[in-house]
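Okay, here's what each chain looks like letter by letter:
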Amino acid sequence: PASTFLRRLSPHFRFVSDGQKAALNALMTMPRGATLVASLPTGWGKSALFQVGARRWREADPSACVVVVVPTVALAQDHARSLSTMPGLEGSRSLVGGMTPAERQKTLSAFSMGEIPILLMSPEMALGTALGTLSEAATRGANGFEGGHLAAVVIDEAHIIASWGRHFRPDFQRLPGLVRELRQRQPDLRTLLLSATIDESLRRRFRDEFSGTEATDEVVVAEPRNEF
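One structure accompanies this document, and this report is about it. Every value quoted in this text rests on a predicted model; they were computed, and no experiment measured them.

Criteria and thresholds
- Residues numbered from 1 in each chain as written.
- Predicted model: local features only at pLDDT ≥ 70, side-chain atom pairs only at ≥ 80, totals over all residues.
- Heavy atoms only, no water.
- Pairing = 2+ DSSP bridges.
- Helix = DSSP H or I, 4+ residues; strand = E, 2+ residues; numbered from the N terminus.
- Axes fitted to C-alpha atoms, helices over the stretch in contact; angles between N-to-C directions.
- Contact = heavy atoms within 4.5 Å.
- Buried < 20%, exposed > 50% of the residue type's maximum accessible area, 1.4 Å probe, protein only.
- Core = buried A, V, L, I, M, F, W, Y, C linked by side-chain atoms within 4.5 Å.
- Phe/Tyr/Trp six-rings, centres within 6.5 Å; stacked < 30°, edge-to-face > 60°.

### With respect to the sheet that holds strand S4 (residues 118–121)
No. 1: The parallel open sheet is built from 7 strands, whose spatial order is S3-S4-S2-S5-S6-S1-S7. The open sheet has two free edges, formed respectively by strand S3 (93–95) and strand S7 (216–220), since each of these has just one partner strand. On average, each strand axis in the sheet is tilted by 20 degrees relative to the strand beside it, whichever way the strands run.
No. 2: Examined bridge by bridge, strand S2 (residues 64–69) and strand S5 (residues 149–155) share 6 bridges and lie parallel to one another. Following the sheet pairing, Val-67 is matched in S5 by Val-153.
No. 3: The strands that helix H3 (residues 47–60) touches are strand S1 (35–39), S2, S4, S5 and strand S6 (190–195); relative to S2, the one it contacts most, it runs at about 165 degrees.
No. 4: In the packing of helix H5 (residues 101–112) onto the sheet, contacts are made with S2, S3, S4 and S5, and the angle to S3 comes to roughly 130 degrees.

### A closer look at unusual backbone geometry
No. 1: Phi is positive for Glu-157, close to 55 degrees, though the residue is something other than glycine.
No. 2: The partly exposed category is assigned to Glu-157, whose relative accessible area is 27%.
No. 3: One non-glycine residue, Arg-169, lies in positive phi territory at about 55 degrees.
No. 4: Checked against the element boundaries, Arg-169 lands in the loop between helix H8 (160–163) and helix H9 (175–185).

### So, the pairing of S1
No. 1: For S1, the buried fraction is high: 5 of the 5 residues fall into the buried class.
No. 2: In terms of strand pairing, S1 meets S6 through 5 bridges, oriented parallel. Along S6, the bridge assignment pairs Thr-35 with Thr-191.
No. 3: Taken together, the 5 bridges between S1 and S7 define a ladder with parallel strand orientation. Bridge pairing in S7 links Val-37 to Glu-218.

### Considering the nonpolar core
No. 1: Leu-27, Phe-111, Ile-118, Met-121, Leu-150 and Phe-206 are the most contacted members of the largest nonpolar core, which totals 76 residues.
No. 2: The contacts of Ile-118, once residues within four sequence positions are left out, are Phe-50, Gln-51, Ala-54, Val-66, Val-68, Leu-83, Leu-89, Ser-92 and Arg-93.

### Description of the packing of aromatic side chains
No. 1: In the structure shown here, the tally under the stated rule is 2 aromatic pairs.
No. 2: Ring centres of Phe-5 and Phe-15 lie 6.3 Å apart, and the angle between their planes is 65 degrees; this geometry places the pair in the edge-to-face category. With a gap of 10 residues between them, Phe-5 in helix H1 (residues 4–9) and Phe-15 in the loop between H1 and helix H2 (18–28) connect regions that are remote in the sequence.
No. 3: For Phe-15, a relative accessible area of 12% corresponds to the buried category.
No. 4: A centroid spacing of 5.7 Å and a plane angle of 80 degrees characterise the contact between Phe-206 and Phe-210, whose relative ring orientation is edge-to-face. The same class applies to Phe-206 as to Phe-210, namely buried.

Take it as geometry only, folks, not as evidence of what the structure does.
Right, dumping it as structure tokens:
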């Protein structure tokens with residue numbers, strides 16, 4: 001059954017799994033400047049982590065915004081559709097290459113104003129068109145300026161950082177550098193790494209590359225798979 005915070009911060013009445021419950025409990029106690037690695041099997045409710053996190057952080061500060069980096073346009077748009085039905089997250093948007101320059105600029109301006117609680121994009125977009133806006137949002141959070149400020153960076157399907165790169169979409173391997181750059185502007189920035197396939201060697205790499213001002217926490221769930 002759902003805990004008090006799950007009922008208050010999401011439309012869900014039950015946890016999907018024990019692993020999701022453990023990960024959400026870790027998220028609720030996650031200090032500023034920390035990194036959380038959550039490896040949960042497919043279908044165990046990883047998306048609820050950044051949904052509940054965004055609601056929680058915007059409760060404390062209505063200008064807090066979250067960026068979610070995803071590998072595909074389809075996944076960004078699918079998340080945005082789901083978020084549009086959730087109280088408090090209806091203003092979430094995806095920033096994708098198929099948009100016109102005017103549409104992209106309008107979306108980035110709304111994010112800068114704090115009107116978009118969750119903005120979904122590819123690593124290429126985060127390191128390209130949106131980089132200046134993300135840097136400004138991180139700076140605002142550190143210095144108390146008006147407008148939206150960056151509370152967390154979420155990397156969905158985070159194992160791709162290791163399995164893709166160099167010759168195929170190398171911007172995935174540049175994501176640790178992006179997080180370090182943003183944390184120089186905003187030491188309180190939280191980082192959330194999500195995947196169904198994060199082994200011990202990759203967790204060690206994440207501890208090295210995404211460490212912040214607080215310790216890195218991990219919630220790892222393994223599930224027997226019987227299908228061929």
